[in-house]
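The lines below spell out each chain.
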Amino acid sequence: MGQLVHKVFLIGQLGKDPKITFFDNGSIKASILVTTQNHYQSEIGRWIQSTQWHRLIAWGRTAELVMQMLHKGTFVKLGCSLRQHRVDLLDGGSRLYQVIVLDQFDLLLDQSDRSEVGKRA
């Protein structure tokens, strides 16, 4: 089974509370759902907002931090590894799976905090 690793950075907002899984061997996994938004202008000049959803997983200490610090609505900057796994099937073929693994994250101010910071400056 071959494995390729690529870095990905996302800035977005958690769409749900993290799902935490504890394993018998003591390891921990956090699964999160993050939205990112793109704004662009159509051919007729109308602004359009496009929302993308991303599923990520975190392991170990990163998963523990996700459990402690992140919740639905949190704005975050995410540093991830994009991993592809090839799995051999029983019929002789193979299938390629893509997984986004969260390596690190930074909390960002939400919209209300941003406006308050602007008012104080």
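Draft legend 1. Structural view of the packing of aromatic side chains. Scanning the model with the defined rule gives 1 aromatic pair in all. Taken together, a centroid distance of 6.0 Å and an interplanar angle of 25° make the contact between Phe-23 and Trp-59 stacked. Of the two residues, Phe-23 sits in the loop between β2 (19–22) and β3 (28–41) while Trp-59 sits in strand β4 (residues 47–59), which places them 36 residues apart along the sequence. Residue Phe-23 is classed as partly exposed on the basis of its relative accessible area, which comes to 34%. Residue Trp-59 is classed as partly exposed on the basis of its relative accessible area of 41%.

Draft legend 2. Looking closely at a nonpolar patch on the surface. Together, Val-87, Leu-89 and Tyr-97 line one region of the surface with nonpolar side chains, adding up to about 230 Å² of accessible area. Within the secondary structure, Tyr-97 is located in strand β6 (residues 94–107).

Draft legend 3. The arrangement of the pairing of β6 in detail. Pairing analysis gives 13 bridges linking strand β5 (residues 75–88) to β6, with the strands arranged antiparallel. Of the residues in β6, the one forming a bridge with Lys-77 is Asp-106. The loop that links β5 with its antiparallel partner β6 comprises 5 residues; one of these, Gly-92, has a positive phi angle of about 95°.

Draft legend 4. Main features of the environment of Leu-14. Structurally, the position occupied by Leu-14 is in strand β1 (residues 3–14). Ignoring any residue separated from it by four or fewer positions in sequence, one finds Leu-14 in contact with Ile-32, Leu-33, Val-34, Leu-70, His-71, Lys-72, Gly-73, Thr-74 and Val-76.

Draft legend 5. Structural detail: the environment of Phe-9. With respect to the helices, strands and loops of the structure, Phe-9 is situated in strand β1. Along the backbone, Phe-9 and Gln-104 are 95 residues apart, and their C-alpha atoms lie at a distance of 9.8 Å. The contacts of Phe-9, once residues within four sequence positions are left out, are Leu-78 and Gly-79.

Draft legend 6. Fine view of the pattern of salt bridges. Summed over the entire model, instances satisfying the criterion amount to 2 salt bridges. Residues Asp-103 and Lys-7 are paired through a salt bridge, measuring 2.8 Å at the closest nitrogen-oxygen approach. Of this pair, Asp-103 sits in strand β6 while Lys-7 sits in strand β1, and the two are 96 residues apart along the sequence. Asp-103 gets classed as partly exposed once you look at its relative accessible area, which sits at 28%. The exposure class of Lys-7 is exposed, given its relative accessible area of 52%. Salt-bridge contacts for Arg-61 lead to Glu-64; the nearest nitrogen and oxygen are separated by 3.2 Å. Placement of both Arg-61 and Glu-64 in helix α1 (residues 60–69) is noted, with a separation of 3 residues, approximately one turn of the helix. Since its relative accessible area comes to 30%, Glu-64 is described here as partly exposed.

Conventions we followed
- Residues numbered from 1 in each chain as written.
- Predicted model: local features only at pLDDT ≥ 70, side-chain atom pairs only at ≥ 80, totals over all residues.
- Heavy atoms only, no water.
- Phe/Tyr/Trp six-rings, centres within 6.5 Å; stacked < 30°, edge-to-face > 60°.
- Helix = DSSP H or I, 4+ residues; strand = E, 2+ residues; numbered from the N terminus.
- Buried < 20%, exposed > 50% of the residue type's maximum accessible area, 1.4 Å probe, protein only.
- Patch = residues over 30% accessible without salt bridge, like charges linked within 9 Å, V, L, I, M, F, W, Y side chains within 5 Å.
- Areas by Shrake-Rupley, 256 points an atom, 1.4 Å probe, with all protein chains shown as cover.
- Salt bridge = Lys/Arg side-chain N within 4 Å of Asp/Glu carboxyl O.
- Pairing = 2+ DSSP bridges.
- Contact = heavy atoms within 4.5 Å.

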